[in-house]
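Reading the structure
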Amino acid sequence: MFVWRDFVSTYKQTILGPLWFILQPLLTTIIFVFVFGNFAGLSTDGLPKFLFYLAGVTIWNYFSECFNRTSNVFTANAGLYGKVYFPRLIIPLSIITANLVKFFIQFILFLFVLFYFKMNSGMVSGPNAYVLLTPVLLIMMAGFALGGGLLISAMTNKYRDLVQLISFGIQLLMYVTPVIYPVNSLSAQHQKLALLNPLAHVIEAFRFSWTGTGYFSWEGLLYSSICMIVLVITGIILFNKVESTFLDNV
């Protein structure tokens with residue numbers, strides 16, 4: 001019920017409706033191509049610029065959308081929480097699930113673009129056996145969004161100033177994650193710093209598995225998995241600790 005509510009409420013009174021699922025990544029990718037690809041001249045690791053940025057945007061959008069909405073779950077649903085008791089964790093989980101619909105639509109768009117360049121360009125080697133990891137990578141991104149969002153929601157319940165920093169913070173996080181640049185284009189020292197970010201391994205693995213180009217490391221994915229599990233457990237513990245008293249603060 002919550003999944004359906006989130007889906008309908010977002011696009012019910014819009015003219016284009018679910019078409020925004022497609023327009024948003026397309027417009028973002030076009031801007032990235034002009035700004036970072038053409039003007040800034042950032043490397044795309046030998047891939048067509050549009051395909052490179054769309055690959056990063058596709059999986060990053062899922063994380064950022066889940067994180068933004070989960071981090072505001074207490075204040076956004078205070079009225080509902082105050083009327084009837086149900087396991088509070090259901091709403092954050094419904095947000096993660098509802099955004100899968102958006103991801104799959106954008107993922108299909110990515111596949112169309114991928115196979116277009118595969119058929120018409122010699123720059124793309126195409127998908128490889130690592131595409132079987134895609135569900136695992138998606139679960140990892142969901143875990144990072146859920147754990148991080150629960151932590152922030154617990155803190156914003158008391159410190160409302162953090163609400164103003166969420167959107168700004170997620171933008172900064174994107175710039176330190178290889179969404180607009182490949183890890184392989186960095187110097188050895190900067191690569192080490194970039195790969196301290198556990199999200200970097202997931203995004204690079206996603207791009208490598210579908211385009212055949214990029215950075216891939218089993219050790220890096222193991223590191224990211226451990227970070228994700230710790231973050232989810234910490235977020236759930238803090239969320240459960242705050243939920244019993246959050247109505248007093250809201």
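Notes on the overall build of the protein
- Counting its regular elements, the protein contains 12 helices and zero strands.
- Along the protein, helices and strands appear, N-terminal first, in the series α-α-α-α-α-α-α-α-α-α-α-α.
- Look at the contacts in the protein between residues 6 or more apart in sequence, and 77% of them connect residues 24 or more apart.
- Of the roughly 12,400 Å² that the protein leaves accessible, carbon and sulfur atoms contribute 70%.

Concerning the packing of aromatic side chains
- Taken as a whole, this structure holds 19 aromatic pairs when the rule is applied.
- Between Phe32 and Tyr53, the ring centres sit 6.0 Å apart and the planes meet at 70°, which makes this aromatic pair edge-to-face. Placement of the pair is Phe32 in helix 2 (residues 20-39) and Tyr53 in helix 3 (residues 49-70), with a sequence separation of 21 residues. A single burial state applies to Phe32 and to Tyr53, both of which are buried.
- With centroids separated by 5.1 Å and ring planes inclined at 50°, the aromatic side chains of Trp60 and Phe63 adopt a geometry described as tilted.

Examining the side chain of Ser217
- With respect to the helices and strands, the residue Ser217 is situated in the loop between helix 10 (198-211) and helix 11 (218-243).
- One polar contact links Ser217 to Glu219, side chain to side chain, over a distance of 3.3 Å.
- A polar atom in the side chain of Ser217 sits 3.0 Å from the backbone nitrogen of Gly220.

Observations concerning the layout of surface pockets
- Here the second largest pocket is characterised by a volume of approximately 260 Å³.
- Where the lining of the second largest pocket is concerned, the elements lending two or more residues are helix 3, helix 7 (134-156), helix 8 (161-175) and helix 10.
- Sorting elements by how many residues they give to the lining of the second largest pocket places helix 8 first, with six residues.

Here's the deal with the nonpolar core
- Counting 58 residues, the largest nonpolar core has Phe32, Trp60, Tyr62, Phe63, Phe110, Leu137 and Met141 as the members making the most contacts within it.
- Breaking this core down by element, the ones donating at least two residues are helix 2, helix 3, helix 6 (90-120), helix 7, helix 8, helix 10 and helix 11.
- The dominant element in this core, judged by the number of residues it contributes, is helix 3, at 12 residues.

Some remarks on a nonpolar patch on the surface
- Taken together, Trp20, Leu27, Ile30, Ile31, Phe34, Val35 and Phe39 make up a surface patch of nonpolar side chains, about 710 Å² in accessible area.
- Locating Phe39 in the fold gives a position in helix 2.
- Relative accessible area serves as the criterion here: at 68%, Phe39 is assigned to the exposed category.

Details of helix 2
- Given a rise of 1.5 Å per residue, 20 residues ought to cover 28 Å, and the 27 Å separating the end C-alpha atoms of helix 2 matches this to within 8%.
- Taking the largest bend as the criterion, helix 2 deviates by roughly 25°, centred on Val33.
- Positive backbone phi, approximately 70°, marks Gly41, located one or two places after helix 2.

Considering the pattern of salt bridges
- By the definition in use, this model includes two salt bridges.
- A salt bridge links Glu65 to Lys102; the shortest N-O distance between them is 3.7 Å. With Glu65 in helix 3 and Lys102 in helix 6, this residue pair connects regions lying 37 residues apart in the sequence.
- A salt bridge links Glu204 to Arg207, with the shortest nitrogen-to-oxygen separation between them at 3.6 Å. Here Glu204 and its partner Arg207 are both found in helix 10, three residues apart, which amounts to about one turn of the helix. We note that Glu204, like Arg207, is buried.

A short note on unusual backbone geometry
- The phi angle at Asp45 is positive, at roughly 60°, despite the residue not being glycine.
- Within the secondary structure, Asp45 sits in the loop between helix 2 and helix 3.
- The exposure class of Asp45 is partly exposed, given its relative accessible area of 23%.

Concerning the environment of Ser125
- Along the chain, Ser125 falls in the loop between helix 6 and helix 7.
- With relative accessibility at 46%, the residue Ser125 sits in the partly exposed group.
- A C-alpha to C-alpha distance of 6.2 Å links Ser125 and Thr211, two positions 86 residues apart in sequence.
- Excluding its chain neighbours within four sequence positions, the residues that come into contact with Ser125 are Lys118, Thr211 and Gly212.

The rules behind these values
- Residues numbered from 1 in each chain as written.
- Predicted model: local features only at pLDDT ≥ 70, side-chain atom pairs only at ≥ 80, totals over all residues.
- Heavy atoms only, no water.
- Helix = DSSP H or I, 4+ residues; strand = E, 2+ residues; numbered from the N terminus.
- Contact = heavy atoms within 4.5 Å.
- Areas by Shrake-Rupley, 256 points an atom, 1.4 Å probe, with all protein chains shown as cover.
- Phe/Tyr/Trp six-rings, centres within 6.5 Å; stacked < 30°, edge-to-face > 60°.
- Buried < 20%, exposed > 50% of the residue type's maximum accessible area, 1.4 Å probe, protein only.
- Polar contact = N/O pair within 3.5 Å; in protein donor to acceptor, adjacent residues only side chain to side chain.
- 1 Å grid on protein atoms, 1.4 Å probe; cavity = no way out; pocket = protein on both sides within 12 Å on 5 of 7 lines; lining within 4 Å.
- Points joined across faces, edges and corners; volume = space filled by probe spheres on them.
- Core = buried A, V, L, I, M, F, W, Y, C linked by side-chain atoms within 4.5 Å.
- Patch = residues over 30% accessible without salt bridge, like charges linked within 9 Å, V, L, I, M, F, W, Y side chains within 5 Å.
- Salt bridge = Lys/Arg side-chain N within 4 Å of Asp/Glu carboxyl O.
- Expected span 1.5 Å × (residues − 1).
- Bend = angle between axes of the 7 residues up to and from the residue.

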